[in-house]
Amino acid sequence: MKTFPPHVAFLGIDSQLTFCEDGGLAVSGGHQIMPKLNELRSKSTKGYWTQDWHPVGHSSFASTHGREPFTKVWLENGQIVADYDDNAEAPKNAVLQILWPDHGIQGTEEAALHPILHVPSDDMILRKGNNPNIDSYSCVFENDKKTQPRFENGMTLPEQLREDGITTVVMGGLALDVCVRDGALDLKKEGFDVIVVLDASAAISSEGKMAAIKDFLNAGIYVCYSDELDAYFHPSQHAPAP
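Below you will find a few notes about this structure. (Residues numbered from 1 in each chain as written. Predicted model: local features only at pLDDT ≥ 70, side-chain atom pairs only at ≥ 80, totals over all residues. Heavy atoms only, no water.)

1. Describing the state of the cysteines
- Evaluation of the coordinates by the stated rule reveals zero disulfides.
- C179 takes part in no disulfide bond, and the closest cysteine sulfur, belonging to C139, lies 9.0 Å away.
- With a relative accessible area of 7%, C179 lands in the buried category.
- We note that C224 lacks a disulfide partner, and the nearest cysteine sulfur, in C139, lies 17 Å from it.
- Take C224: its relative accessible area is 2%, and that puts it in the buried class. (Disulfide = S-S within 2.5 Å. Buried < 20%, exposed > 50% of the residue type's maximum accessible area, 1.4 Å probe, protein only.)

Rendered as structure tokens:
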């Protein structure tokens, strides 16, 4: 695989032990995608990573509310105001939340980026989900679709990408059907060209994977495997002979 053009950056989403097998919120195939993320990172001059970074007792945890994991509820200011009901209207000002098993707890070993990842010292890490009252799937907006996670320098990811001259993002990570999906869709809305690499991502479910791919294609996001990237970025070198 050839090096990406300078306006293209790599973005690794929540590539943490907590989302791999034996982690708090395990995604099947999580460990297996890490070498591919390293390969993609090595082809870009700029790299960015996101990290789920929850405090103990986060409002997205089922244990915080004494509920079963994967229950759907409506939250307002971190408190359950109603259970989710397909036939009922959403409570005003409430945010729909799946209650997850405890995961990504700040400072724990499993909240760290995966140990086999090669993360250059000048790469930037965006920690999200650290507000105890609201979850954060996307790298652009937290789940209220208003609040934006920020780097330590105070900038949002779109602001930082623009300052760094980045117009295209090649991304993968965990999980394809949650945080990768939401981040990719939001970055596309922010005006960036987005490429989601399937063999550098893993999904919670096959149904979720197919739904996410449909969302990507409907939004104009390019979906591919890593061995297709050379032809995408260097088409003249892959053109058939006359």
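2. Some remarks on the sheet that holds strand β1 (residues 8–13)
- The six strands lie next to each other as β6-β2-β1-β7-β8-β9, forming an open sheet whose pairing is parallel. With one partner strand each, in any of the chains shown, β6 (124–128) and β9 (222–224) form the two edges of the open sheet. Ignoring which end each strand starts from, the neighbouring axes of this sheet average 20° apart.
- Packed onto the sheet, helix α4 (residues 176–189) meets β1, β6, β7 (168–174) and β8 (193–202) and runs at close to 165° relative to β7. (Pairing = 2+ DSSP bridges. Helix = DSSP H or I, 4+ residues; strand = E, 2+ residues; numbered from the N terminus. Axes fitted to C-alpha atoms, helices over the stretch in contact; angles between N-to-C directions. Contact = heavy atoms within 4.5 Å.)

3. Overview of the side chain of T50
- By the element assignment, T50 lies in strand β2 (residues 47–52).
- Looking at T50, its side chain comes within polar contact range of the side chain of D14, at 2.7 Å.
- In this structure, T50 is in contact with L11, G12, I13, D14, S15, Q16, L113, L126, K128 and C139, ignoring residues within four places of it in sequence. (Polar contact = N/O pair within 3.5 Å; in protein donor to acceptor, adjacent residues only side chain to side chain.)

4. Side note on the pattern of salt bridges
- Inspection of the entire model under this criterion finds 12 salt bridges.
- Ionic pairing is found between D83 and R67, a salt bridge with its closest N-O pair at 2.8 Å. Of this pair, D83 sits in strand β4 (residues 79–83) while R67 sits in the loop between α2 (62–65) and β3 (72–76), and the two are 16 residues apart along the sequence.
- Overall, R67 belongs to the partly exposed group, its relative accessible area being 31%.
- Note that R162 is salt-bridged to E190, the shortest N-O span being 3.1 Å. In this pair, R162 is assigned in helix α3 (residues 157–163) and E190 in the loop between α4 and β8, connecting sequence segments 28 residues apart.
- According to the relative accessible area criterion, R162 is partly exposed, its value standing at 45%.
- Look at the salt bridges and you will find they share partners, linking D14, D52 and K128 into a network. (Salt bridge = Lys/Arg side-chain N within 4 Å of Asp/Glu carboxyl O.)

5. Notes on the nonpolar core
- M171 and L187 are the most contacted members of the largest nonpolar core, which totals 58 residues.
- With near-sequence residues (within four places) excluded, L187 lies in contact with L11, C139, V140, L157, L161, V169, M171, F192 and V194. (Core = buried A, V, L, I, M, F, W, Y, C linked by side-chain atoms within 4.5 Å.)

6. Details of the sheet that holds strand β5 (residues 95–98)
- As summarised here, the arrangement of the three strands in space is β4-β3-β5, forming an open sheet in which the pairing is antiparallel. The open sheet is flanked by β4 and β5, the only strands paired with a single partner. On average, each strand axis in the sheet is inclined to that of its neighbour by 45°, with strand direction left out of account.
- Looking at chain direction, β3 and β4 are connected through four bridges and run antiparallel. Its bridge partner lying in β4, E76 is registered against Q79.

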